[in-house]
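Structural description and commentary
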Amino acid sequence: MEIIKRLMVACATALGAAGCASMGEGQLDKVVYHLNEGPAQASNGLRNINNHLEVDPKAKIVVVTHALGVDFLMKGVKDNNGNKYEDLVEQLKMRGVRFDVCEITLRNRKLQKEQFIEHVTFVPSGVAEVTRLQQREGYAYLKP
């Protein structure tokens, strides 16, 4: 019984050290922010991303939008304080943040790509992109 306890402690110690090593320097955090609820959620998300980049300026961040989450990425849309979302998005884009818009949402809502600001990319499906980023590319998932 004592041998089993020692083996378990040794394994736990080794796994802990391996986990700490994988979080070491040179590793970039990769995060997907999922927005699908409209401008209020977008405002929270953009604030979260700014805070995130303040403490981790090298983080790789992708914002995936679908449903009502695409609205803040449309031309001319402003937040409750009258600030154009486009300006906020452009600032984040210059810091390496990517903004994805779901093409299924465009089709279902009869929206056109021309209605969106220039700082976005289009993906076939927002939910499929979130899944791909998490499962295939190791992105952490955040939903403000």
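Residues numbered from 1 in each chain as written. Predicted model: local features only at pLDDT ≥ 70, side-chain atom pairs only at ≥ 80, totals over all residues. Heavy atoms only, no water.

Membership of the largest hydrophobic core comes to 25 residues, with the highest contact counts inside it found for Phe 72, Leu 73, Phe 99 and Phe 116. Residue assignment for this core shows that the elements contributing at least two residues are strand S1 (30-35), helix H2 (39-55), strand S2 (60-65), helix H3 (85-94) and strand S3 (98-102). The biggest single contributor to this core is H2, with 4 residues. Residues contacting Phe 99, with those up to four places away along its chain left out, are Leu 46, Val 63, Phe 72, Leu 73, Val 89, Leu 92, Lys 93, His 119, Val 120 and Thr 121. Counting 6 residues, the second-largest nonpolar core is a separate cluster that includes Val 32, Val 130, Leu 133 and Tyr 139. (Core = buried A, V, L, I, M, F, W, Y, C linked by side-chain atoms within 4.5 Å. Buried < 20%, exposed > 50% of the residue type's maximum accessible area, 1.4 Å probe, protein only. Helix = DSSP H or I, 4+ residues; strand = E, 2+ residues; numbered from the N terminus. Contact = heavy atoms within 4.5 Å.)

Right, let's get into the sheet that holds S2. Strand order in the open sheet formed by 5 strands is S4-S3-S2-S1-S5, with parallel pairing between adjacent strands. Two strands lie at the open edges of the sheet, namely strand S4 (121-123) and strand S5 (140-142), each paired on one side alone. Here the strands of the sheet are splayed against their neighbours by 30 degrees on average, with no regard to which way each runs. Relative to S2, S1 runs parallel, the two being bridged by 6 bridges. For Leu 35, the partnering residue across the bridge sits in S2 and is Thr 65. Running over the sheet, H2 touches S1, S2 and S3 and is turned about 165 degrees from S1. (Pairing = 2+ DSSP bridges. Axes fitted to C-alpha atoms, helices over the stretch in contact; angles between N-to-C directions.)

So yeah, pure geometry; function would need other evidence.
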